[in-house]
Every structure is written in C-alpha cells, then in structure tokens.
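Now for the letters of each chain:
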2 protein chains.
Amino acid sequence: METEKKKILLVEDDPNFGIVLKDYLSMNDFDVVLAKNGMEGFEKFKKDNYDVCILDVMMPYKDGFTLAREIREKNENVPIIFLTAKTMKEDVLKGYKAGADDYLNKPFDSEVLLMKLKAILQRKASSTLADSKQFEFEIGNFHLNSKLRFLKYMEEEPVKLSPKENELLRLLALHENDLMPRELALTKIWRDDNYFTSRSMDVYIAKLRKYLKKDDVVEILNIHGEGFRLVVKAENQ
Amino acid sequence: METEKKKILLVEDDPNFGIVLKDYLSMNDFDVVLAKNGMEGFEKFKKDNYDVCILDVMMPYKDGFTLAREIREKNENVPIIFLTAKTMKEDVLKGYKAGADDYLNKPFDSEVLLMKLKAILQRKASSTLADSKQFEFEIGNFHLNSKLRFLKYMEEEPVKLSPKENELLRLLALHENDLMPRELALTKIWRDDNYFTSRSMDVYIAKLRKYLKKDDVVEILNIHGEGFRLVVKAENQ
DNA sequence: CCACCGTTTAACCTAACCTTAACAAAAATG
DNA sequence: CATTTTTGTTAAGGTTAGGTTAAACGGTGG
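Anyway, here's the lowdown on the structure attached to this text. (Residues numbered from 1 in each chain as written. Chains lettered and ligands numbered in written order. Predicted model: local features only at pLDDT ≥ 70, side-chain atom pairs only at ≥ 80, totals over all residues. Heavy atoms only, no water.)

1. Examining the overall build of chain A
- In terms of helices and strands, chain A carries eight helices and twelve strands.
- Expressed as a percentage of contacts within chain A between residues at least 6 apart in sequence, the contacts between residues at least 24 apart total 55%.
- By element, 51% of the accessible surface of chain A is carried by carbon and sulfur atoms, the whole surface being about 12,100 Å². (Helix = DSSP H or I, 4+ residues; strand = E, 2+ residues; numbered from the N terminus. Contact = heavy atoms within 4.5 Å. Areas by Shrake-Rupley, 256 points an atom, 1.4 Å probe, with all protein chains shown as cover.)

2. Here we look at the nonpolar core
- Judged by nonpolar contacts, the single largest core of 52 residues is most densely connected at A:Leu25, B:Ile139 and B:Leu168.
- Excluding its chain neighbours within four sequence positions, the residues that come into contact with A:Leu25 are A:Ile8, A:Phe30, A:Val32, A:Ile54, A:Leu113, A:Leu114 and A:Leu117.
- Residues A:Leu144, A:Tyr153, A:Leu161 and A:Leu172 belong to the second largest nonpolar core, which totals 28 residues. (Core = buried A, V, L, I, M, F, W, Y, C linked by side-chain atoms within 4.5 Å. Buried < 20%, exposed > 50% of the residue type's maximum accessible area, 1.4 Å probe, protein only.)

3. Overview of the protein's contact with DNA strand C
- Around DNA strand C sit 22 residues in total, of which A:Ser162, A:Trp190, A:Ser200, B:Ser162 and B:Ser200 are the nearest.
- In the interface set of DNA strand C, defined as its atoms within 4 Å of the protein, sugar plus phosphate atoms amount to 80%.
- A distance of 2.5 Å is found between a phosphate oxygen of DNA strand C and a side-chain nitrogen or oxygen belonging to A:Ser162.
- At a separation of 3.4 Å, a phosphate oxygen of DNA strand C approaches a polar backbone atom of A:Lys164.
- In terms of residue class, the surface near DNA strand C is made up of ten nonpolar, six polar and six charged. (Near = heavy atom within 4 Å. Polar contact = N/O pair within 3.5 Å; in protein donor to acceptor, adjacent residues only side chain to side chain. Nonpolar A, V, L, I, M, F, W, Y, C, P; charged D, E, K, R; others polar.)

4. Considerations on the interface of chain B and chain A
- Each partner contributes residues to the interface: chain B has 35 residues there, and chain A has 25 residues.
- A buried area of about 2,600 Å², summed over both sides, lies between chain B and chain A, and 55% of it is on carbon and sulfur atoms.
- B:Asp178 serves as the salt-bridge partner of A:Lys147, at 3.5 Å between the closest nitrogen and oxygen.
- Scanning the region where chain B abuts chain A turns up four residue pairs in polar contact (both at pLDDT 80 or more).
- Mapped onto the side of chain B that touches chain A, the elements with two or more residues apiece are helix 3 (64-74), helix 5 (110-127), helix 6 (163-174), strand 10 (179-181), helix 7 (182-190) and strand 11 (218-223) of chain B.
- In terms of residue class, the side of chain B that touches chain A is made up of eleven nonpolar, eleven polar and 13 charged. (Buried area = accessible area lost by both parts, 1.4 Å probe. Salt bridge = Lys/Arg side-chain N within 4 Å of Asp/Glu carboxyl O.)

5. Focus: helix 6 (residues 163-174) of chain A
- Across its twelve residues, helix 6 of chain A extends 16 Å between first and last C-alpha, which sits within 8% of the 16 Å expected from 1.5 Å per residue.
- Every buried residue belonging to helix 6 of chain A is among A:Glu165, A:Asn166, A:Leu168, A:Leu169, A:Arg170, A:Leu171, A:Leu172 and A:Ala173, and all of these are buried. (Expected span 1.5 Å × (residues − 1).)

6. Regarding the pattern of salt bridges
- Inspection of the entire model under this criterion finds 23 salt bridges over all chains.
- B:Asp202 serves as the salt-bridge partner of B:Arg199, at 3.1 Å between the closest nitrogen and oxygen. You can see B:Arg199 and its partner B:Asp202 sitting in helix 8 (residues 195-212), three residues apart, about one turn around the helix.
- Through salt bridges with shared partners, a single network forms among A:Asp102, A:Lys116, A:Lys147 and B:Asp178.

Dropping the structure here:
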C-alpha cells in the first residue's frame, strides 16, 4: 500500500499542457488520470478513488471551482489543488480559495508542484483524521492567508503572523463557531501536552485576541477546561 | 488531436492584406478565421477555441491592444501575436508586449511569421510549466530581462545583473506576490542547502533589495523560516 | 602574475519567535 | 466563602533567522 503509486486526477482543458503535465507527473511516479473539462472530471472522479485532485480553474463546461464543490460533496477529505491564472483578481479568488488545499499560479514551477504534492501526501499519511491543509479563511472582516502568514483587516495593511500564531488561528478558523479543544492545538501545533506548552498556548490566544480586537464581530471565547471557540457573530440582517 | 489543423484568429482591418495573409496561412495548413476589426474579432473569439490570435494593432472600432486585453480576460493561455507599425515608439509597445507572445513589425516577412507560429505552438505545449524558460518580467516599474541579465528602471540605463542575482530575481518574479520558498532557490540555484549557501542567498537578497529600492511599489518581504515574497503593490486606482 | 569580477565566508547587529515567569482575574470545587 | 484550578495578560530571557557590510577567495583574461 505504501509502495503503490499515488493516484492523481488532473483536470485541464488545454490538451497540450494537460499531456505535458501528465507526463511529467507520471515520470515522477504518480498514476495520473487526465480529464479535459469539469464534466469529464467529475465522471472520472466518481468512478475511482484518488489521492489528490489537480484542477484548472478556467475550463469550459464546468469550471474548477464548481467541480471542486461537487467533489467535496462526494468526498470531504481528498486534497484539491487549483491551477489559477496569475491575472485573476485576488478578490475573485479569495472566496473560492477558502475551499482549496492549495493553489498554484500559472505559469508555475513544476518542482513547486512536486513539493506541494509530497507535502500533502505526507500530511495525509501522518494523520488518520481528515486534516486537509486549507489555508485561506474569512473571519468576520478579516482575511487570513495561512500560507503567506498574514492577517488582513478590511483594506488595512496586512499584519504578519508568526508560525504559531498562524497555525493556532487557522485551527480556530477550521472550527469556527465550534469548540477547538485545547488538546487538539497542543498535539497538532506544540506536539506535546504539558503545563508549559499549555501556558504557551494561552499566551498565543492573548496575542490573537489583540489582533482580532479591531472587529467586534469576532471573538475568541474560552470554554473552561475544554478549549476555545472562535465566534463570528452574524454581521446584521 | 495532435494531428488536427491549428486554428488561428486573424484580426486585420485592411481587407486586401487580410485576405492575402489568410490565404497564405491556409496554404500552410492552418485553419484561419478572419475578422476585420476588434469588435468582430472579439465576437468570433468568444464563439470558438483558437490556438493562436494574430492581431493588428491599428484598427478602427477596437484596437488590437484593447482586444488583446479582452481576450486575456476570457483566456489567459492563448498566444497572441501583434502586428505593429514600425513607426510605433518602443515605450508604447513595452507595456503591451508583456502580455503578448510575440510581435511583428509591418511590413514583415511571411516566412518569419510561419517560424514564429511554429515556435509558439511548440512552446505552448510546455508553457504553463514555468520551467520552460520565461525570460522577461515586468516588476512594478522595472523590466527584467533574464536572458540578457539586465534590470531596467523606467527610462534609466539598464543595470547588469550577475548570474546569481539574475536567477534569484527571476525565481522571485515567477512567484510574484506568492511565497518563494528558501529551499526552492537553494536547490535550484545553489544546488545545495546548508548554512553557508543559505547565508549566501541572504546576501543576494540584500543586493536585490538595493536595486529595487528605486521603486517603492516593489518590495521583497521575508516570511520567517519559509522564504521570501516579491510583492508589487497595486500601482494606484 | 596581477587585476577584476562574482561569489562565499565572516562578523556584527537587529528582528522575530517562543518559552517561562509572575501576577491578576475568573471559574470551579467543596 | 475559602481554596484550588484554570485562564488572561504582560513582560523578561534566550535562541535562531535574517539584514547588511566588508573582507577573503577563486577563477578568468589581460
């Protein structure tokens, strides 16, 4: 099982590029199935099990975002990587990226793609639980980019986050409005659960609260003895 | 699929020249659709998929540059070749050329066009992989020519770059506004990842920062422990 | 053999990051 | 209500990564 090739569903409408990329991945020991649009991609997805999906965003018949949503309905674990055009507006992508595990701007570096695949598959192997690497979030009026490690409030200058701040906020966001157990953060981020790491985590909660103070719709609540809860109050309506 | 004729959208307002060129290309095994201005060109573009677009720049109703921009919105991949008047100013073209794959000054040699078409179609197969060398970049108000190893700011004299400076800046530009992992540069440029190569890279980052200081829209940010990010802030609007 | 150029190594300094400590406040416990 | 446990918060300390400049190195061509 460990020795089997990993299966990739590649959905790309440009036949030339599709074949080049497929060959490149095949050469690097992946088992690649190529579909040439979203429709076909979904058919192929239903017929087999894949370890990763790589989806072009701009495609006729069914674009990558729509396809991703459908794939998610069938399988909420499989990692999805988007291939996006560099020219696309940040704010167009913003909303969609929230559902992705990663993305690459075209043109991209084939080595970067390999690095990402390796990282994703390793991550998947090391944790039995679905722990997909989703890395962009809308938290009230904040936008968290967990890949580039910044937190942006409205149109202000983004604030840089440290690795621990970033991971912790990301974990909270993944559990938005729900309990994020202490133990979870400690084992995932600190990889150890003792008095000191626990206190360290509290320090980071305080730091995050300071960042989030700008928006009074967002709040980190403590659930005594259990963990924390990132609440986002309904804006209005 | 590989054997099918390549489809060309030719947009040219001069009917005589348009028909001559169309016939010439048809004779050389291309499937050519001719439009006689930008408006018509865009309509035809939307109705079909093309492998290449050849656009005259000077046209009534909608010029070639405007059309190119619209085409790019629909499709970020399709190669575009401009036909320009020899008299046009270099600096007028500069900005637009960045979005184009090639251009030809009128009058031009029909064989040159054929060669370019062949080259472009061949290149396209691997063009979405960035490793297929991309050599020119617009970075804010800088222009990087990575093949000739120079960096030009506005109308100033170009600055020569050393091989390492050049490769590093190119790699950053390929990942513009995105993370360029330390590890990537070290393996790709230094071919080794240790303390000293890493420090060497930091020295080169400092050099690049010094070059880029002229334009305060451009900046190299560090993401602690991860890598660097070449950010180009939105000019204005 | 020297001068030059690109690159590496060294050195020094600052910034970033994380932990630990200390004390205050809140919540649970009996 | 007194006591214990948990959490909130700020600040000090230590460690590592990065910023920058300059000197050393090594290859190349005069």
